[in-house]
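Observations on the model geometry
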Amino acid sequence: MFDWWRKLSRAEVIAHEFPEEFREHVRRRVPCAELLDEAELSKLEALIRIFNSEKHFEAAGGLTLTEEMRIAVAARACLLVLQRVELDEPLYPDLQTIIMYPSAYRASGKRQDGYLVVDDEQTRLGESWTRGMVVLAWDAVLAGAANRSDGHDVVIHEFAHQLDGHSGAMDGTPELDDMDHYTAWSSVAGEAYLELHDAVEHHRKTVLDAYGATNAAEFFAVVVEHFFEKPLLVAKRYPDLYAELALFFKFDPAYRLQNRA
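Here is what the cut-offs are and how they apply
Throughout, residues of each chain are indexed from 1 in the direction in which the sequence is written. Side-chain atom pairs in this predicted model are given and counted only at pLDDT of 80 or more, local residue features only at pLDDT of at least 70, and totals for whole chains, interfaces and linings cover all residues. To obtain the side-chain values, all non-hydrogen atoms of the structure were included, while hydrogens and water were left out. Elements are defined by DSSP. Helices are runs of H or I of four residues or more, strands are runs of E of two residues or more, and each kind is numbered from the N terminus. A carboxyl oxygen of Asp or Glu within 4 Å of a side-chain nitrogen of Lys or Arg is what we treat as a salt bridge. Three labels apply to residues, based on accessible area from a 1.4 Å probe with only protein chains included: buried if under 20% of the type maximum, exposed if over 50%, partly exposed otherwise in between. Residues grouped as a nonpolar core are buried Ala, Val, Leu, Ile, Met, Phe, Trp, Tyr and Cys residues, joined through side-chain atoms within 4.5 Å. Note on contacts: a residue pair qualifies if any of its non-hydrogen atoms lie within 4.5 Å across the two residues. Pairs of strands are assigned from DSSP output, requiring at least two bridges between the strands. Angles here are taken between N-to-C directions and fall from 0 to 180 degrees, while the axes themselves are lines fitted to C-alpha atoms, restricted in helices to the stretch in contact. Under the pairing criterion, centres of Phe, Tyr and Trp rings, with the six-membered ring standing for Trp, must be within 6.5 Å; the plane angle then separates stacked pairs below 30 degrees from edge-to-face pairs above 60, leaving the rest tilted. Look down the strands so they point away from you; if the path from the first strand over the helix to the second goes clockwise, the crossover is right-handed. Two cysteine sulfur atoms form a disulfide, by the criterion used here, when they sit within 2.5 Å. A score between 0 and 100, pLDDT records how confident the predictor is in each residue.

Things to note about unusual backbone geometry
Not every positive phi belongs to a glycine, and Y92 is a case in point at roughly 45 degrees. Counting through the fold element by element, Y92 comes out in the loop between α5 (67-81) and β2 (97-101).

So, in structure tokens, the structure goes:
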């Protein structure tokens, strides 16, 4: 169905009816969906349609792509930018292709071995590139959808990297509105990252996933996962960092949870 959507204009895509079975998936399986009002849900559905009409999905490893897979990915990707983009603005402009594997896959890479950088092969559930590509394992996508409050969602994680890399480098600092915001982000996120790194190094229990201590880019992706899946916990443990994230995403899930009727 989405293949012919690619031939339509944005206006035609937005006007097309969103299938009821996928609407149910969005409302039951996407983090924070229950906190959105009807106008926001309608906008999210429109962004999903735009995403699936403009981005190319490619199957790998013997996977057969389905509409469910495209919706599951697009819904989470669009959640991250729901309050940040309008329907007539570019949507992940640097992204061209989403490659889907059925499960964890092997990918070549590099690792540090003392003073040497050596070729390495790793098992991965997802990866994100500044050169227009995201790679995902479908079973990991399903696992993230099965529990939308455990702080783990591979789609949110990899698309957080896309937002981080929009300025040209995945360095843990997304493209912000002004210099004051950059200064605040650098201070708050830098302090939280060093705190997590120290806790992991000394084997102390952490609120955030220990993988966030890998580097600044992974810290940002992990924090974004927790922001959408465990907002109350992040707001309590890292109030300043939470405030910066709420400012960046123009969305405050903790406030909405606390004030939900």
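Focus: the pattern of salt bridges
One pass over the structure, following the stated rule, counts 13 salt bridges. Note that E20 and R23 form a salt bridge whose closest N and O atoms lie 2.9 Å from each other. One end of the pair is E20 and the other is R23, both in helix α3 (residues 20-29) and three residues apart, which spans about a single turn. D153 is the salt-bridge partner of R76, the closest N and O atoms lying 3.0 Å from each other. You can see R76 sitting in helix α5 and its partner D153 sitting in the loop between α6 (138-146) and α7 (154-164), a full 77 residues away along the chain. Judged by its relative accessible area of 0%, R76 falls in the buried class. A residue is classified by how much of its surface remains accessible, and D153, at 2% relative accessible area, is buried. Residues joined in a network through salt bridges with shared partners are E20, R23, R27, E38 and E45.

Some points on the nonpolar core
F51, Y92, F159, F228, L241 and F249 are the most contacted members of the largest nonpolar core, which has 74 residues in total. With 11 residues, α5 is the largest single contributor of residues to this core. Among all residues touching F159, those that are not within four sequence positions of it are F51, V73, A77, L80, Y92, L95, I98 and V134. If you look at the next biggest cluster of nonpolar residues, it comprises five residues, including A60, I99, A107 and V135.

Re the sheet that holds strand β5 (residues 126-129)
Read across the sheet, four strands follow the order β1-β2-β6-β5 without closing on themselves; strand pairing throughout is mixed. Of all the strands in the sheet, the pair left with one neighbour each is β1 (56-59) and β5. Here the average twist between neighbouring strands, direction ignored, is 15 degrees. The pairing of β1 with β2 spans four bridges and is parallel. Bridge pairing in β2 places H56 opposite T97. Sitting on the sheet, α6 touches β2 and β6 (133-137), and the angle it makes with β6 is about 75 degrees.

A short note on the packing of aromatic side chains
In total, this model carries 14 aromatic pairs according to the counting rule given. With 5.1 Å between their ring centres and 40 degrees between their planes, F227 and Y242 make a pair best called tilted. Taken as a pair, F227 in helix α9 (residues 216-229) and Y242 in helix α11 (residues 239-249) lie far apart in primary sequence, 15 residues in all. Measuring from ring centre to ring centre gives 6.1 Å for F228 and F251, while their planes differ by 20 degrees; the resulting arrangement is stacked. With F228 in helix α9 and F251 in the loop between α11 and α12 (253-258), the pair connects residues that are 23 residues apart, well separated along the chain. Relative accessible area serves as the criterion here: at 2%, F228 is assigned to the buried category. Each member of the aromatic cluster is reached from another via a ring pair, and the members are W185, F220, F227, F228, Y242, F248, F249 and F251.

Examining the pairing of β2
For β2, the tally of buried residues reaches four of five residues, placing the bulk of the element in the interior. The β-α-β motif built from β1, the intervening α5 and the parallel element β2 has left-handed crossover chirality. With five bridges joining them, β2 and β6 adopt parallel strand pairing. Bridge pairing in β6 places Y101 opposite A137.

Some details on the state of the cysteines
In a disulfide, the sulfur atoms of two cysteines are covalently bonded to one another. On inspection of all chains with the given rule, the structure shows zero disulfides. A disulfide-free cysteine, C32 has its sulfur positioned 15 Å from the sulfur of C78, the nearest such atom. Relative accessible area serves as the criterion here: at 5%, C32 is assigned to the buried category.

What to know about the confidence of the model for the protein
The share of residues in the protein with pLDDT of 70 or more is 91%, and the mean pLDDT across the chain is 90. This model gives residues 111-115 a pLDDT under 50, and the stretch forms six contacts once residues within four places in sequence are excluded.

Describing the side chain of R23
You can call R23 buried: its relative accessible area is 18%. In this structure, R23 is in contact with F18 and E45, ignoring residues within four places of it in sequence.

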